[in-house]
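Structural overview
Residue strings, one per chain:
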Amino acid sequence: MSAPRTLAESVPPAADLPESRQPQQVNRFSGLWERSQTLIPTLAALVLLFGMLIYAEIAYGRVFHAGTMSSLLVSFAPTIILAVGMTIVIISGGIDLSVGAVVAFTSVAGVMLMNIGVNGWLAMLLMIVFGGLFGLISGVMIQYFNVQPFIATLAMMFLARGLASILSTTPVIAPEDSPILLLATDWKIIDGPKVNDFTITPGLLIAVLVVIGGMFFMHRSRSGRTVYAIGGSESSAKLMGLPVARTRVWIYVVSGALAGLAAIVYTAEVGGKAQNVTGIGWELDAIAAVVIGGTLLTGGYGYVLGSIVGVFVLAALRLIITKDGTINPEYLTIITGAVLLVFVLLQRALTRRRTS
Amino acid sequence: MSRVKTAFRTPWFWALVGIAVLLLINTIKNPAYLALSVNPTTGMLTGNVLDILRVSAPIIMIALGMTFVIATEGIDLSVGSMMAVGGAVAMQTLSTINDPNSVSAMLTAIGLALALAIVLGAINGLLVAVVGLQPFISTLIMMMAARGIARVITDGQNTNATNEPFRQLANGQILGLPTSFVIAIAIVVIIAFFMRRTALGLMIESIGINPHASRLAGIRPRPILFGVYILSAALAAVGGLFSVSEVMTVSVSGTGNLMELDAILAVVIGGTSLAGGKFSILGSTIGALLIATLNKTVLFLGIPAAATPAFKALVIIALVLLQSERVRSLVFGRKKSGGTPAAPVKPAADPSVPVSKEKEVVA
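Basis of the calculations
- Residues numbered from 1 in each chain as written.
- Chains lettered and ligands numbered in written order.
- Predicted model: local features only at pLDDT ≥ 70, side-chain atom pairs only at ≥ 80, totals over all residues.
- Heavy atoms only, no water.
- Helix = DSSP H or I, 4+ residues; strand = E, 2+ residues; numbered from the N terminus.
- Contact = heavy atoms within 4.5 Å.
- Areas by Shrake-Rupley, 256 points an atom, 1.4 Å probe, with all protein chains shown as cover.
- Buried < 20%, exposed > 50% of the residue type's maximum accessible area, 1.4 Å probe, protein only.
- Buried area = accessible area lost by both parts, 1.4 Å probe.
- Salt bridge = Lys/Arg side-chain N within 4 Å of Asp/Glu carboxyl O.
- Polar contact = N/O pair within 3.5 Å; in protein donor to acceptor, adjacent residues only side chain to side chain.
- Phe/Tyr/Trp six-rings, centres within 6.5 Å; stacked < 30°, edge-to-face > 60°.
- Lys NZ or Arg CZ within 6 Å of the ring centre and 35° of its normal.
- pLDDT = per-residue confidence, 0-100.
- Expected span 1.5 Å × (residues − 1).
- Bend = angle between axes of the 7 residues up to and from the residue.
- Core = buried A, V, L, I, M, F, W, Y, C linked by side-chain atoms within 4.5 Å.

Let us now look at the overall build of chain B. Within chain B, the secondary structure is distributed over 16 helices and four strands. Across chain B, contacts joining residues at least 24 apart in sequence account for 78% of those joining residues at least 6 apart. Working note: accessible area of chain B is about 15,200 Å², and carbon and sulfur atoms make up 68% of it.

The structure is reproduced here in C-alpha cells:
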C-alpha cells in the first residue's frame, strides 16, 4: 500500500472505524446537561421570584391582586425596555453603563423640543434617534478603536449626564396637550371590584412589544445568532465570516435607542416631567436584572425572557420592602447587591465546572 | 533636544500643559485669579490655587488606589461609595461622641472609617482574587452595597458634626498649604517609596502585563490582588474623610458620587494604560490635580457644576482614542501592529473581553 497522497486518502474507510454510537450518545447527553446548566440560573431566579411573591402574599396580602400587579408592571416598564437592550449587549460580551444617563438626556432634550413647539410625535422619534446616536459613538469607539466597552460607555454616561445638565438643571415639563402624555393613559382590561382593576398603559404595551421583538431578534434571527457568536468567541465569529464589526456597532445603537424609548415611556408615566438627575443607577438595575435572569457576564449565553424574570425579581424585592414597613428602605441597595452577588457566584460556580 | 522629545512623550507632561491652559483661561477671565492673600481674621493664606489643592486631596487619594488596581488589569468602581462610607462613619462617630475639641474623638472616627473600608475592600479582594469574578462586576456590586451601607450608618440622614481637630483636616494649613493636600502628598510619597524601593510595584506590574507568566516566575497573584483592593478601599475612605471634613457634613447620596470616574480619568491622564501593566504614581497625582483644576474652572466660568461630567467625558474620549492603535498609526505614522481589524484579535486587545481570560486561568 502506497503512502496516502491526500488527507482524504489517509482516512481509513468507515467500516474500519470503531463503533461510534456510544460516544455520540454521551455527547448528546453532555450537550443536554450543558444546556440545562445554562438554564439553572434562570430557573433559580424563577423559583426565587415565586417564592418571594408567595411569601409576600402570605405575609402582607394583596399581592396576587390585579391592582398591585398592574401598577408594578407599569412602573417597571422602562426597566423592562432597558433590560432587553442590556441583555443583547451583555450576550455580545460587552456592557452598557450609559443607559441611565442617556434616559436623562433624551427625556430632557425631548421635553425641551416639545416646549419650543416641535411636533410631539417628531420629538419622541428624535428622542430615540438621540439615544441611538450615543450608542453609535460607543459602538464605534469599541469596535474601531479597541476601547473597552465599559470605559467607552462610561464616557458616554458622563457625556449624556453632563449634556442633560447643560440643557437644564431644573425639571422641565411637557406641554399639557403633548401626545407623549397619551402613553400613560390607563386602559382597563379587567374591571374588578373597587380598586382591583387590571389596567395597562400604552407604555407597558410598548415594553411588551420590545420584549417580543427582542426575543424574536435574539433567538430567531440571523443577526441574533451573530450576537451570540461574538459573545462566545469573537475571533471564531470573524473566521466564520460573520459581520462582526457591523453587528457590534448595531448592538450599541439598539441599546441606546431602547434607552431613548425607555425615556419616552418613563417621561409619559411621570406626567411629562424630565430632569437631569433621572435614571441614576438604572444601568445597575438593568445589569442586575440581566445577571439574575441567567445571562453570563462573559457573553455568549443568555435569554431575553430570563432578564424579564430578573426585572420581576427586582420588582418583587421592592414590593416586599415597601409592603413590609419594618425593613428600612436604606437596605434596598444592599439587598439588591447581595442578590446580584449570589447569582454571579452561582454563574461562576457553573461556568467553572464547565470549563474545567 | 532629546530631553524635550522625551518630555513630549511623557503622558503627564500633557496633563501639566492642561493645568497651565486651564489656569490661563481663568486668569484671562479674572486677572487676579492666581493671587494669594492673607485672611486678616484667621491669618491663613487664601486663594483659588489653594482651593484647587484642597479639593484635589480626595481625588489624589482615590486615584492613587485606582492606579494599582488598574495596573493589575482590574478596576475599582466602588471608590466613590467607599468615600461615602468613610465620611458617614466619621460623621456618625463624631456626632455620637459629640466632643467638639477632642482629638481622641477624631482619631476614633478616622480609625473606625478605615477599619470598615478595609473590611469592604477585603470583600472586593476576596471576590476578585479568590473567587475569580471580573473586577468590574465585583466592585459594581460593592458600589451599590457600600452606598447602601453609608445610608444605613447615618440612617438615611445627611449627618453633620462639630469637631475642630477633624475640621482642620481640610480647613487648616501647614506652611500655607491645605492640611489635607499635605497629608495626601505625604501618603503618596510613602506609598511610592514602598512600591518603588521594594519589589511590590514590579510584581503588580508583572501581574498586569501577563498574569500567567508572572505566576510561572513565582509571583503569587492572590495576596497581591487582595492587597491592592484593600489599599484602594482604605485610600478611598481617607479621601472621603478629607471631603467631609471640608463641610463637616456627609451627604449619603452626594459624597463621592461619580468620583470613581474621576479616579479612572486621573489614572488614564497620568499615563497608566487601562490594559494593565506599567503604572505612574506621579502621573496619577498630576492627573488628579488636572481634574481638580477642571472642576474649579468649570465652576469659575459659570457653567453649572452638574455639567462638568460632559467636559470630563470629552477628555476621556480623547485619551482613550489616543491610546488606541488605530489612531496612533494614523497620527504618528507608526507601523500597524495588531490593531488591524481583519486579523484575529489577540486576547489582550480584544475589546469584547473587558478582563483578559488569562486571569481566569490564574484564579
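Further notes follow.
This part is about the overall build of chain A. Of the regular secondary structure elements, chain A holds 14 helices and four strands. Classification of the 356 residues of chain A by burial places 53% in the buried group. When the accessible surface of chain A is totalled, it reaches about 16,100 Å², and 67% of it is carbon and sulfur.

Here we take up the interface of chain A and chain B. With 47 residues of chain A in contact, the opposing surface of chain B contributes 53 residues. With both chains or domains summed, chain A and chain B bury close to 4,500 Å², and 75% of this area falls on carbon and sulfur atoms. When the buried area of chain A at its contact with chain B is split by residue, F145(A), F158(A) and R348(A) rank highest and sum to 15% of it. Summed over the shared surface of chain A and chain B, the number is zero salt bridges. Seen at the junction of chain A and chain B, the total is three residue pairs in polar contact (both at pLDDT 80 or more). Broken down by secondary-structure element, the contributors of at least two residues to the side of chain A that touches chain B are helix 6 (120–144), helix 7 (149–167), helix 10 (234–239), helix 12 (282–292) and helix 14 (332–355) of chain A. At 14 residues, helix 7 of chain A tops the list of elements feeding residues into the side of chain A that touches chain B.

A few words now on the packing of aromatic side chains. Following the criterion strictly, the structure yields seven aromatic pairs over all chains and no others. Aromatic pair Y55(A) and Y60(A): ring centres 6.0 Å apart, planes at 90°, arrangement edge-to-face. With relative accessibility at 25%, the residue Y60(A) sits in the partly exposed group. By way of ring pairs, the aromatic residues F105(A), F130(A) and F134(A) are connected into one cluster. In this structure, K29(B) is placed above the aromatic ring of F300(B), and the distance from its NZ or CZ to the ring centre is 5.3 Å. Directly above the aromatic system of F279(B) lies the positively charged group of R196(B), at a separation of 4.4 Å from the ring centroid.

Once that is clear, we can look at the confidence of the model for chain B. Residue and element names in this part refer to chain B. Averaged over all residues, the pLDDT of chain B is 82; the fraction at 70 or higher stands at 88%. Low pLDDT, under 50, characterises residues 336–363; the predicted model gives this stretch 46 contacts beyond four residues in sequence or across chains. Our summary of model confidence lists the complex with pTM equal to 0.81 and ipTM equal to 0.76.

Our next topic: the pattern of salt bridges. As enumerated under the stated definition, the model contains nine salt bridges over all chains in all. Where R248(A) meets E234(A), a salt bridge forms, and the shortest distance between an N and an O atom there is 3.3 Å. Taken together, the residues span a long stretch of sequence, with R248(A) in helix 11 (residues 244–269) and E234(A) in helix 10 at a distance of 14 residues. Pair check on accessibility: R248(A) and E234(A) agree, each one buried. Its salt-bridge partner being E246(B), residue R54(B) comes within 3.7 Å of it at the nearest N-O pair.

As a further point, take helix 5 (residues 103–131) of chain B. Residues and elements named next belong to chain B. Across its 29 residues, helix 5 extends 41 Å between first and last C-alpha, which sits within 8% of the 42 Å expected from 1.5 Å per residue. Remark: the principal bend of helix 5, roughly 25°, maps to G125. Taken from the residues just after helix 5, G132 is the one with a positive phi, measuring 85°.

With that settled, consider the nonpolar core. Counting 204 residues, the largest nonpolar core has I287(A), F68(B), F166(B) and I264(B) as the members making the most contacts within it. Per-element tally for this core: the top contributor is helix 3 (residues 48–71) of chain B, with 15 residues. Sequence-distant contacts of I264(B), that is, excluding residues within four places in its chain, are made with I151(A), L154(A), M66(B), I75(B), L77(B) and L274(B).

Residue and element names in this part refer to chain B. With respect to the secondary-structure elements, T139 resides in helix 6 (residues 135–153). Taking the relative accessible area as the measure of exposure, T139 reaches 0% and is therefore buried. Here the side chain of T139 touches P135 through a polar contact of 2.8 Å, landing on its backbone oxygen. A polar contact of 3.5 Å, which involves the side chain of T139, links it to the backbone oxygen of F136. What T139 contacts, discounting residues up to four positions off in sequence, is I75, D76, L77, S78, N124 and Y229.

Turning our attention to the environment of I62(B). Residue and element names in this part refer to chain B. Relative to the elements of secondary structure, I62 occurs in helix 3. Judged by relative accessible area, I62 falls into the buried class, the value being 0%. Distance in space between the C-alpha atoms of I62 and I230 is 12 Å, their sequence separation being 168 residues. I62 has contacts with V79, M83, A236, M259 and A263, leaving out every residue within four places of it along the chain.

With that out of the way, let us pick up unusual backbone geometry. All names here are of chain B. Unusually for a residue other than glycine, D155 sits at a positive phi of about 60°. Looking at where D155 falls in the secondary structure, it is placed in the loop between helix 6 and helix 7 (164–171). Phi angles above zero are rare outside glycine, and L175 is one such case at about 55°. Following the sequence through the fold, L175 ends up in the loop between strand 3 (173–174) and strand 4 (177–178). Given a relative accessible area of 86%, L175 falls into the exposed group.

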